[in-house]
Amino acid sequence: MSINEEIQKRRTFAIISHPDAGKTTLTEKLLLYGGAVQLAGSVTARKTQRATTSDWMELEKKRGISISSTVLQFDYNGYRLNLLDTPGHKDFSEDTYRVLTAVDSVVMVIDSAKGIEPQTRKLFEVCRQRGVPIFTFMNKCDRPMKNPLELLDELEQVLGIGAFPVNWPIGNGFEFQGVFDRQTGQLHLFQRTVGGQFRAPVLVGGMHDEIIRGRLDDATFHRTVEELEMLEHAGHDWDDAAVLAEKTTPVFFGSASNNFGVQLLLDGFLKHAPAPKPRVMAGVSISPENPAFSGFIFKIQANMDPKHRDRIAFVRVCSGKFERDMTVHHSRSQKKVRLSSSHKLFGNERETMDEAYPGDVIGLVGHGGFGIGDTLTTDPSILYKEIPRFTPESFSYLHNPNTAKYKQFRQGLDQLLQEGVIQALYLRNSSVKTPLLAAVGPLQFEVVQFRLESEYGAESRLESAPWTVVRWLPTDIKEDELDAISLPTGARLAYDTGKNPVVLFQNEWSANYFSETNKLVPLSALPVQSARE
C-alpha cells in the first residue's frame, strides 16, 4: 500500500465534553462497536463489572473520572483509528488542550438534558482556534431531555455554528426508542441490553413499514413526522466542505450507556471526518506526503506500566513514514537520536510498532531527554510549535514527611514534573529548598500526591501557598535589576525550572498595581518556553 493510501486510511480524533456528559462511556462503546473490545466497561465499575479501557489509572477507577488523556489505536472497516480520550474536568484542561494539537477532528459530547455547559464552550473555542472540524453527539436521550429542536438552536446561538442533524431521536427519555437516519431514510429501533455491555439489537426499516409502525404509538409517530418535515424546510443542508471548514457540525442523537446510535455515529463520523492534514510551520505548510519523517511530542506519561517504572512519550506523526530503529534529529538537544523502543498504544496496554504513518500516535519509551513540544524529524529544518503553555492558578508546597524515602520522593516528583502537568517554582533568596508546585487547578495536586504514594511508595504533605497569580519577567533581566524591583506586600520573586524569573502575587489587584508602579518592567501572563542559560 502506498504512503498516500496509508494516510487516507487514518482518522485521528479526540472526544471532548463537560464532565459527566458521558465522554468516557462513549469512548468505551466506540471500542465495542469498532471491534476493539468484546465487552464494554463501565466508568463507575462495580466488583462484578469490567472497568473502562481508557481509565486505567487507579485514581480514575476510584473517582470515576478521567484524569489523564489516553490513546486507543484500533482498526475498523478499513480505517486505522487513533482515538484520544480526554479529561473533562477544568483542572485537567491543560492535558486536554495539548491533545487537541494532535488530532484532525473531534467528537463533542453534549448531555441532552443540560445542553451546552461551560467546559464544552471552552473546548469548542480551542477547536475553533485550531481549525478542527467538530462532530456532535447528543448523549443520554434515554433520560428526560430538552426538546431536540431547542438543542440544535442552542448549538447555533451559543457556539455560533450551523447544526445539521444526521439522525433524529424517536421518543424522549424513557420512551426513547431509536433514531431516524435522515440520509438513508431508515429508522433504527433499539433494544436495551444489560448494563449496555453488548451491542444493542436493532430493527431497521422505513418509517411506514408495518413492523416499525407497530412499535411506535400514534403520538410519537406523528410528532416525529412533523419534526422531520420542519427540518427539511428550515434546517441547514448537508455540506461536506462546511463541516471541514468548521461552519457546520453534523449532529447525532443517542445514548452511549445503552449503545443507542453509537454505530451510526461511528460510521457517519468515519465517512465525513478528514484524513491527516498539512501542518503549518512558520508560514510553511508541511504536507503529510512530505517524504521526511516528522512528528511532535504532545504528552509524556510515567508509569503506565507499573512493572517497568518507565516513561512514555506520545508522538503525533505529521509527515513521512516512521520506522522502528530509525535515527532522527531531536529539536531540544539538537542531537541525533535512535528510536528503537516504539509502541502501538491501547490504554495502558502496548505492543511493538515497526512502522507508522501521518495521523498515527506512537509511544516512545526510554528517552529521558524528551520533553513536551519537542520535534522529532529526519529534516532538521522542520520545527513544530504546536503545544500551548498555560498559566498556573493554584500554588502549594509539597513536603516529604519521611526522610527515609527521600530518594523515592525526589525521583517520583522529577518524573511527574517531566510530564508537564504541574510546574515547579523556586523562591529567590530562600533558605528552604522545598519546591513550590504550580498547577492549572488544585485537583492536580491530589493526583500528584496519590501517584507519588501508589507509584513510588513516597508519602507527601501538601501546604497551600498564599499566591494565586504568577507573571513572567523578561528573560534578559539581570540579577541586580531583580534586586532593585519594588514588590507589593506579599509578592515574591521566584524562578521556574528553566531559571526564568517570575513574580508571585497574592491576587490580581496586586499584579495590576505592580504593572502601574513598574512601567519599565513588563510582565507576561504566558510561561516562557525556553530555558535561560
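Notes on the structure follow. (Residues numbered from 1 in each chain as written. Predicted model: local features only at pLDDT ≥ 70, side-chain atom pairs only at ≥ 80, totals over all residues. Heavy atoms only, no water.)

Looking at the packing of helix α11 (residues 406-418) against helix α12 (residues 443-456)
Where α11 meets α12, the closest approach of the two axes is 10 Å, and the angle between their N-to-C directions is 125°. Taken as axis vectors, α11 and α12 run oblique relative to one another. The chirality of how α11 crosses α12 is right-handed. Between α11, through Q408, F409, G412, L413, Q415 and L416, and α12, the contact on the second element is made entirely by V448, R451, L452 and Y456. Partitioning the contact of α11 with α12 into residue classes produces 6 nonpolar, 3 polar and 1 charged. (Axes fitted to C-alpha atoms, helices over the stretch in contact; angles between N-to-C directions. Helix = DSSP H or I, 4+ residues; strand = E, 2+ residues; numbered from the N terminus. Parallel < 35°, antiparallel > 145°, perpendicular 65-115°, else oblique. Left-handed = near helix turned anticlockwise from the far one by under 90°. Contact = heavy atoms within 4.5 Å. Nonpolar A, V, L, I, M, F, W, Y, C, P; charged D, E, K, R; others polar.)

Digging into the pairing of strand β4 (residues 105-111)
Burial of β4 is extensive: 7 of the 7 residues sit out of reach of the surface. Pairing of strand β1 (residues 10-17) with β4 involves 5 bridges; the strand directions are parallel. Note on β4: the bridge partner recorded for F13 is S105. Taken together, the 6 bridges between β4 and strand β5 (residues 134-139) define a ladder with parallel strand orientation. (Buried < 20%, exposed > 50% of the residue type's maximum accessible area, 1.4 Å probe, protein only. Pairing = 2+ DSSP bridges.)

Considering unusual backbone geometry
Even without being glycine, E246 reaches a positive phi, approximately 60°. Take E246: it is sitting in the loop between α9 (240-244) and β11 (248-253). A residue is classified by how much of its surface remains accessible, and E246, at 17% relative accessible area, is buried. Residue N429 is not a glycine yet carries a positive backbone phi of 55°. Tracing the backbone through its elements, the reader meets N429 in the loop between β25 (423-427) and β26 (436-439). Using a relative accessible area of 69% as the deciding quantity, one classes N429 as exposed.

Brief notes about the sheet that holds strand β24 (residues 394-399)
Across the sheet, which stays open at both edges, the 7 strands sit in the order β27-β24-β26-β25-β29-β30-β28 with antiparallel pairing between neighbours. At either end of the open sheet lies a strand with only one pairing partner, and these are β27 (461-464) and β28 (469-472). The mean angle between the axes of side-by-side strands here comes to 40°, regardless of whether they run parallel or antiparallel. Where β24 lies against β26, 4 bridges are found, and the strand directions are antiparallel. Within β26, the residue paired with F395 across the bridge is A438.

Regarding the pattern of salt bridges
Under the counting rule described, the total for this entry stands at 17 salt bridges. With its nearest N and O atoms 3.0 Å apart, the salt bridge here joins D414 to R410. Here the residue D414 and the residue R410 both occupy positions in helix α11, the gap between them amounting to 4 residues, near one helical turn. Look at D414 and you get partly exposed, because its relative accessible area is 35%. Taking relative accessible area as the criterion, R410 reaches 21% and is therefore assigned partly exposed. Taken together, the shared-partner salt bridges connect E6, K9, R10 and D360 into one network. (Salt bridge = Lys/Arg side-chain N within 4 Å of Asp/Glu carboxyl O.)

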